[in-house]
Every structure is written in structure tokens, then in C-alpha cells.
Amino acid sequence: MIISLLGYMGCGKSTIGKSLAKTLLLPFTDLDNYISFHEKKTVQQIFSEHGEIHFRKKEKYYLNELINQNNVVLSLGGGTPIYYDNMKLITDKSISFYLKMSPSELYERLITEKKHRPLISHLNDESLKEFIAKHLFERSAFYEQAEHIIRVSEKKPDEICKEIIHILQSKK
Ligand SMILES: Nc1ncnc2c1ncn2[C@@H]1O[C@H](COP(=O)(O)OP(=O)(O)O)[C@@H](O)[C@H]1O
Ligand SMILES: O=C(O)C1=C[C@@H](OP(=O)(O)O)[C@@H](O)[C@H](O)C1
Ligand SMILES: [Mg+2]
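Residue numbers run consecutively from 1 along every chain, following the written order of its sequence. Starting at A for chains and at 1 for ligands, labels are handed out in the order in which the entities are written. It should be noted that, the model being predicted, local features are given only for residues of pLDDT at least 70 and side-chain atom pairs only at 80 or more, the latter also being counted only at that level, while totals for whole chains, interfaces and linings use all residues. With hydrogens and water stripped out, all remaining heavy atoms of the structure feed into the side-chain values.

Next up on the list: the state of the cysteines. The disulfide criterion used throughout: a pair of cysteine sulfur atoms within 2.5 Å. Taken as a whole and judged by the stated rule, the model has zero disulfides. Cys-11 forms no disulfide, and the closest cysteine sulfur to it belongs to Cys-161, at a distance of 13 Å. Throughout this description, buried means an accessible area under 20% of the type-specific maximum (1.4 Å probe, protein chains only), exposed means over 50%, and partly exposed covers the range between. Take Cys-11: its relative accessible area is 3%, and that puts it in the buried class. With a relative accessible area of 5%, Cys-161 lands in the buried category.

Let us now look at the UniProt feature "binding site: ATP" (unreviewed entry) in the chain. UniProt positions are given in the numbering used here, feature names are shortened, and annotations may be inferred rather than shown by experiment. Look at the UniProt record and you will see "binding site: ATP" (unreviewed entry) annotated at Gly-10, Cys-11, Gly-12, Lys-13, Ser-14, Thr-15 and Arg-117. Counting from the N terminus, the helices are DSSP H or I runs at least four residues long and the strands are E runs at least two residues long. Structurally, the position occupied by Gly-12 is in the loop between strand 1 (2-6) and helix 1 (13-24). By relative accessible area, Gly-12 is classed as buried at 14%. Contacts are residue-level and defined by heavy atoms, with any inter-residue pair within 4.5 Å sufficient. In this structure, Gly-12 is in contact with Gly-17, Leu-99 and Arg-109, ignoring residues within four places of it in sequence. Within the secondary structure, Ser-14 sits in helix 1.

Here, proximity means that at least one heavy atom of the residue falls within 4 Å of the molecule or strand. Contacts to ligand 2 come from 13 residues, most closely from Lys-13, Asp-32, Arg-56, Arg-117 and Arg-139. Arg-139 is positioned such that a nitrogen or oxygen atom in its side chain is 2.7 Å from an oxygen atom of ligand 2. For the area figures, the Shrake-Rupley method with a 1.4 Å probe applies, and any residue is considered shielded solely by the protein chains shown. For ligand 2, the accessible surface in isolation is 390 Å², of which the surrounding protein chains cover 96%. Classification convention: Asp, Glu, Lys, Arg as charged; Ala, Val, Leu, Ile, Met, Phe, Trp, Tyr, Cys, Pro as nonpolar; all other residues, Gly among them, as polar. When grouped by side-chain class, the residues that make up the shell around ligand 2 number five nonpolar, three polar and five charged. Under this definition, polar contacts are N or O atom pairs within 3.5 Å; protein pairs additionally need one hydrogen-donor-capable and one acceptor-capable atom, and for neighbouring residues in sequence, both atoms have to be side-chain atoms.

Now for the sheet that holds strand 4 (residues 94-100). The strands making up a sheet associate through backbone hydrogen bonding, with each pair oriented either parallel or antiparallel. The five strands are arranged 2-3-1-4-5 in an open sheet whose pairing can be described as parallel. Pairing within the sheet leaves two strands with one partner each, and these edge strands are strand 2 (28-30) and strand 5 (148-151). Going across the sheet, the axis of each strand differs from the next one's by a mean of 20 degrees, ignoring polarity. Examined bridge by bridge, strand 1 and strand 3 (residues 73-75) share three bridges and lie parallel to one another. In the sheet register, Ile-3 faces strand 3, and the bridge partner there is Val-73. Against the sheet, helix 1 contacts strand 1, strand 2, strand 3 and strand 4, and its axis sits at roughly 155 degrees relative to strand 1. Fitted lines through C-alpha atoms serve as axes, helices being fitted only where they are in contact, and the angles separating the N-to-C directions of these axes extend from 0 to 180 degrees. Here helix 2 (residues 31-39) sits on the sheet and contacts strand 2 and strand 3; the angle it forms with strand 2, its principal contact strand, is near 75 degrees. In this analysis, strands are considered paired if DSSP registers two or more bridges between them.

See the structure below:
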């Protein structure tokens, strides 16, 4: 089965996925990078040139393509579980980990990271704080369906990887 990482923008899906795959000696795919590579456009370009709905259709298309693989670490985009029947697909076809972080910590992280994230790049600092709190609340019902929930607040990437590996080993 595939190992999937999900959670809000900035929680560390791309970072943790990469290092988890390296430790487990497995191939790594970041869904955003995969979409970018195949569409020959950055995520920001897809959003600005074609709109979010088009991005969600592509995201679904490439998720379908990747989800039936075996022994791969897949970092999803923050919105992937929210659209279509994606979350069902993710829970049925992967061992899923929700990297859970509080809105205030996500805010501290995203304040310096918003440039590459089209959903928040236009927000000033005060509106960003409000946006994250509300948006995370709306999305949590999907994220919480993950098979495993990992609290990532104040943990180093190494520690988070170890926790995930421990869970994977206990499943064997
Ligand atoms: N556990 C962690 N501790 C400190 N910084 C982290 C941690 N995980 C991720 N980061 C940093 O937070 C930012 C967002 O991480 P990223 O992996 O891009 O998140 P996501 O893919 O979930 O949006 C990056 O700058 C990354 O280096
Ligand atoms: O939360 C979202 O809807 C999105 C998150 C992004 O991925 P990250 O969570 O890796 O930033 C990327 O897929 C796109 O900008 C939309
Ligand atoms: Mg990412």
C-alpha cells in the first residue's frame, strides 16, 4: 500500500514525506510537484491562468493515477482530501497520516511561506490569521478521517518521521 500524508498548508507534508521516504528507502512523490511536472506549470500558474476548479480536476486526475501504487510515500496537497470522493479514495487505498497542527502555529509558519500558496498569497497578516482558523475548521472533518493522526506541533521532522515509522512497524 501507499503511505499518504495529509493536512493543512504548512503542516509539513512535503518536508516530512521526503525525509520519510529517504529513511524507508522508498520512492517519494509530492502531488503538487507531480501535477506541475505533468502540466508544465507551477501550481500558482495553474490557479492564476485556469482557476481553482481546473486545478482540482487535475489534482483528482493525478491522484487517481498515483493512488494504486505500492510502497511509495505520497505527500498530498492541503486541499486534496476535500474535493470529490478523494478522501474515500485516500482512506481505502493508502495508509493515511494526518499531520495535525494548531491554527496559531500554522499561521506563524505560513506568514513567511504564503508566496507559493495561491489560496493565501493575497492575504495580509491579520486576514491570514482569520482565514486559517476558519478554513482549518471547515477542512478538519475531512482530515480527521485519516487512519492515523500525528500531532506535529513543536516536533522536529526527525521525531515526526520516527513516530510514523513506529506506527508502520506496529502494523506489520
Ligand atoms: N517539523 C518541522 N519543524 C520545523 N519546520 C518545519 C517542519 N516541517 C516543515 N517545516 C517547514 O515548514 C514549511 C512548510 O513545510 P511544507 O513541507 O512545505 O508543508 P506542506 O507541504 O504541508 O505545505 C517549510 O519551510 C518547512 O521547511
Ligand atoms: O490547501 C490547498 O488547497 C492547497 C495546498 C497546496 O499544497 P500544500 O498544502 O503543500 O501547500 C497546493 O496544493 C495548492 O496551493 C492548494
Ligand atoms: Mg506541500
